[in-house]
Amino acid sequence: MGALENKVAIVTGASAGIGRATARLFAKEGATVVVAARRESELGVLVDAIQEEGGQALAVAGDVGDEHFARKLVDETLARFGQLDVAFNNAGILGAMGPVPEMSLAEWDQVITTNLTSAFLAAKYQLPAMGSAGGGSLIFTSTFVGYSAGMPGMAAYAASKAGLIGLTQVLACEYGPHNIRVNALLPGGTDTAAAREFANTPEALAFVANLHAMKRTAKPEEIAQSALYLASDASSFTTGSALLVDGGVSINRV
Ligand code: NAP
């Protein structure tokens, strides 16, 4: 019996990287998954792969920073599957990099909207749906950047991701009595398309790997295992946490 048998889970940012690996793992563990991102064709490929493995999945394409989409995602989940138990709100972007004086307000706003306002919108519609299922697990993908490490040039990203931790703590307090757990997952460097945008030469990849105590970055599948932990009853007494899954990048000093 899988860890998410009879559960319905939303996974955003599922067209690539950590989200795609997590959607596949959740489905393997018995969840019905509703996968979201902007690229419909990539979601279609994922749904086919999950169904070929005997799982159940539905794609809902759209922009997580758009309130209509946040509502539609929950509405379609409930209309099709009747309940919502888990939401892994993972879609995110690195966005504009560089010194703050050189960053435009539009660049700042894009990162805050995609990474942080999206979480507010997700919570706004997902929490009532989970409440009517008798409880659930809400998860946001944050990062060590802006939590345990300052990284030059990443002001908007760090601010948006640190904001998720504050949101997590407040929601955990508000919804603990309703049996809804709320946690932030803080991956270290993970080998995905987004990470390769940041480090796109062998030297840069080696530099990033070396920042970690383990001298390597994660595979998306390793981060997915931690999302599964937070989604499942294995973490039944964990709420309000900022769970570092970072290969020791936060404590490494060499
Ligand atoms: P990725 O491979 O680039 O995937 C990002 C996902 O987010 C894609 O599915 C993308 O889909 C989706 N997305 C981006 N903007 C969106 C929007 N406005 N609306 C809907 N979906 C959107 O990145 P990743 O590395 O897997 O990152 C996943 C999460 O982990 C992010 O929140 C990231 O900040 C966080 N994280 C990553 C690392 C790392 O080293 N990789 C480390 C710490 C934290 P579409 O393009 O199809 O919309």
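Presented here is a report on the structure given in the accompanying data block. (Residues numbered from 1 in each chain as written. Predicted model: local features only at pLDDT ≥ 70, side-chain atom pairs only at ≥ 80, totals over all residues. Heavy atoms only, no water.)

In this section: the overall build of the protein chain. Looking only at helices and strands, one finds eight helices and seven strands in the protein chain. Counting only C-alpha atoms, the protein chain reaches 50 × 35 × 35 Å along its principal axes. Split into buried and exposed, the 254 residues of the protein chain put 48% on the buried side. Carbon and sulfur atoms make up 55% of the accessible area of the protein chain, which totals about 11,700 Å². (Helix = DSSP H or I, 4+ residues; strand = E, 2+ residues; numbered from the N terminus. Buried < 20%, exposed > 50% of the residue type's maximum accessible area, 1.4 Å probe, protein only. Areas by Shrake-Rupley, 256 points an atom, 1.4 Å probe, with all protein chains shown as cover.)

Checked against the element boundaries, S160 lands in helix α5 (residues 155-175). Sequence spacing of S160 and V208 is 48 residues, and the spatial spacing of their C-alpha atoms is 21 Å. Non-local contacts of S160, meaning those with residues more than four positions away in its chain, are made with V111, I112, N115 and L116. (Contact = heavy atoms within 4.5 Å.)

With that out of the way, let us pick up the site of the ligand. As a matter of local geometry, the ligand sits amid 30 residues, with S15, R38, Y157, K161 and T192 nearest to it. Between the ligand and D63, the relevant distance is 2.9 Å, taken from a nitrogen atom to a side-chain nitrogen or oxygen of the residue. Relative to its free-state accessible area of 880 Å², the ligand is covered by the protein chains to the extent of 92%. Here the ligand occupies the largest pocket. Ranked by residues supplied to the shell around the ligand, first place goes to helix α6 (residues 193-198) with three residues. Of the residues assigned to the shell around the ligand, the class counts are 12 nonpolar, 14 polar and four charged. (Near = heavy atom within 4 Å. Polar contact = N/O pair within 3.5 Å; in protein donor to acceptor, adjacent residues only side chain to side chain. 1 Å grid on protein atoms, 1.4 Å probe; cavity = no way out; pocket = protein on both sides within 12 Å on 5 of 7 lines; lining within 4 Å. Sits in = over half its atoms within 2 Å of the grid points. Nonpolar A, V, L, I, M, F, W, Y, C, P; charged D, E, K, R; others polar.)

For the rest of this paragraph, the subject is the pairing of strand β5 (residues 136-141). Burial analysis of β5 places six of its six residues in the buried class, the great majority of the element. With burial as the criterion, each face of β5 is covered, one bearing G136, L138 and F140 and the other bearing S137, I139 and T141. Alignment of strand β4 (residues 86-89) against β5, held across four bridges, turns out to be parallel. Paired with F88 across the strands is I139, a residue of β5. Once the chain exits β4 it traverses helix α4 (residues 105-132) before rejoining the sheet at β5, and the crossover so formed is right-handed. When β5 meets strand β6 (residues 180-187), the two strands line up parallel, connected through six bridges. Note on β6: the bridge partner recorded for L138 is V182. (Pairing = 2+ DSSP bridges. Right-handed = clockwise from strand over helix to strand, strands pointing away.)

Of the pockets and cavities examined, the largest pocket occupies roughly 1,200 Å³. Lining the largest pocket we find 48 residues, and of these G92, I93, T192, A194 and A195 sit closest to its centre. Among the secondary structure elements, those contributing two or more residues to the lining of the largest pocket are α1 (17-28), α4, α5, α6 and α7 (202-211). In terms of residues, the lining of the largest pocket owes the most to one element, α6, which gives six residues. Classifying every residue of the lining of the largest pocket by side-chain character gives 23 nonpolar, 18 polar and seven charged. (Points joined across faces, edges and corners; volume = space filled by probe spheres on them.)

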